[in-house]
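A structural walkthrough
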Amino acid sequence: MSAALLPLGVALELAGLLSHQHWLSWLAAGAFAVYFLRFFTRLNPYPRWLGIGTLAVLVAAIVLARPGAELWPKLASSVAYYTSFLGALGLMQLLAQRLPQLRELHKALLSGSKVVLYPRYVLAAGSIGSILNFGMMNLLCGTLSEHLKRYSLSEEQRRAGLRSVMVTTLRGFALVPLLAPTSVTIAIISREMPEQSWSTMVPYGAVAALMMIVVGWRRETRGLLALRDNIGDSSKADGMPQLLVGSLLGLGAIGLLASVTTLSASQAAMVLVPAGVISYLLWRERKPAQVLQEVTDNMVSMHNEMFIFGCAALLGGVLGAVAPLEQIAAWLAQEPKYNVLLAIGSLFSTIILAVLGLAPIVSLSLTAGLLAQLSLLGVPIMTPAVGLMCGFSLAMIFSPFGPSTLILSRYSGESPYRVAFGWNGRFVASVLPLLLLLIFVTYWLQS
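Parameters and conventions
- Residues numbered from 1 in each chain as written.
- Predicted model: local features only at pLDDT ≥ 70, side-chain atom pairs only at ≥ 80, totals over all residues.
- Heavy atoms only, no water.
- Helix = DSSP H or I, 4+ residues; strand = E, 2+ residues; numbered from the N terminus.
- Rg over C-alpha atoms; globule rule 2.2 N^0.38 Å.
- Buried < 20%, exposed > 50% of the residue type's maximum accessible area, 1.4 Å probe, protein only.
- Contact = heavy atoms within 4.5 Å.
- Areas by Shrake-Rupley, 256 points an atom, 1.4 Å probe, with all protein chains shown as cover.
- Core = buried A, V, L, I, M, F, W, Y, C linked by side-chain atoms within 4.5 Å.
- Salt bridge = Lys/Arg side-chain N within 4 Å of Asp/Glu carboxyl O.

What follows concerns the overall build of the chain. Along the backbone of the chain there are 23 helices and zero strands. Relative to the 2.2 N^0.38 estimate, which gives 22 Å for 447 residues, the radius of gyration of the chain is 22 Å and therefore close to what a compact globule would have. Along the three orthogonal principal directions, the C-alpha set of the chain runs to about 65 × 50 × 45 Å. Within the chain, the fraction of its 447 residues that count as buried is 54%. Contacts in the chain between residues at least 24 apart in sequence constitute 80% of all its contacts with a sequence separation of at least 6. Total accessible area computed for the chain in this model is approximately 19,200 Å², and 66% of it derives from carbon and sulfur atoms.

We now examine the nonpolar core. The biggest cluster of nonpolar side chains holds 139 residues, and the ones touching the most others in it are Met306 and Leu394. Once residues within four sequence positions are removed from consideration, Met306 is found in contact with Leu6, Val10, Phe32, Phe36, Thr83, Leu86, Gly87 and Met299. Of all hydrophobic cores here, the second largest spans seven residues; its members include Ala61, Leu75, Val79 and Leu314.

Turning next to the side chain of Thr367. Summarising the element assignment, Thr367 is placed in helix α20 (residues 360-376). For Thr367, a relative accessible area of 12% puts it in the buried group. Apart from the residues lying within four places of it in its own chain, the contact partners of Thr367 are Ser346 and Leu388.

Our next topic: the pattern of salt bridges. Working definition: two side chains of opposite charge can pair if their charged atoms are close together. Overall, the coordinates contain nine salt bridges when judged by the stated rule. Between Arg159 and Glu155 there is a salt bridge, with its nearest N and O atoms 3.9 Å apart. Taken together, the residues Arg159 and Glu155, both in helix α10 (residues 155-173) and four residues apart, mark about one turn of the helix. Under the relative-accessibility criterion, Glu155 is labelled partly exposed at 45%. Through salt bridges with shared partners, a single ionic network connects Glu155, Arg158, Arg159, Glu414 and Arg418.

Now for the environment of Thr200. Tracing the backbone shows Thr200 in helix α13 (residues 198-231). What makes Thr200 partly exposed here is its relative accessible area of 31%. The sequence separation of Thr200 and Met382 amounts to 182 residues, and the corresponding C-alpha distance is 8.9 Å. What Thr200 contacts, discounting residues up to four positions off in sequence, is Glu195 and Met382.

Next comes the structure, spelled out in structure tokens:
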């Protein structure tokens, strides 16, 4: 029964989003806290160490900084939201296991001209990820495993194919912070600095995205072509028109809900994905107890990733509340050259801290708070904002501790370190000089 606390917490948070009753989010945070305390020893080593570190920072903040009582409800709401974010969107995996049209998605993406093979896969992953976030990783990785079972591939061919498609999917997911109005990066930056909207930031993000696509194009196209040749299936993918119509209806429903309510597009997806998946399962299985068990088992399979996101929200909130951001901003505002140095620092610090185990969302929250203080002092902050966007993007694919890397590790059977460094090390080293060039150009344009 204790495992049911995960879907209970997600349900309470979604009810809180719809009703604007904050106490439901606090109850959701309580349900998650009880579950993770109960099953703490079942978490992987990294989430356990992150939990211990987060608790230590929280205790130190209470003893040394003595934050006000108004901070705790905010922290509880943040923990409930970001933990539910993964749990709700991860239910797409249950749909992927049952809809044959979704298993045909990879056949459709692997067809056509080799010239557009890689960018089409990357942009498809980025487009889906802009709405479903980590649900996209579960969707494409889950359907890939089912798709490859249909063909008589050797173990070496299967693993090579998994690697090529999964790393391409991960590269597409890394475009979301640069392009999507629903991304957590743009959401936090625009929340802290309302003058920085998606429309003002997306031109710079689009240039960075183009650089990343070009760098990975040639190398990964070879792997995708090898998989297509090994499969040797030239038949037309079935059900693509129905899948397209269904996808458009789903996206339309998300857009409609976001337009008629106060929910953002990501929040609307958080609500509609579980509602749609559970409704479909109930219609198909006619067994509520079995559906509840499947939903519970699916969330339990993701509890490491959910715990990491929850801890990151808590850690970022605590550090942001006690850090002397106003004093640091006043010092940085003295010299214009500090602006470009802050951008470079945001790029590298977000990546390095993510590699060391600090979730990028923590760095994002702290740096965005600092940028907000600089903006109040009249300092142009587009350059460091671009550095932060690019750093968050690369941190998503280069950290062995991030949820996206852990999801790929779970599906591929490879270690998170191999996924992060072996699959993406050369790519990150190649694209970094181009992103630094973009930062200097942005600084020159904004000066």
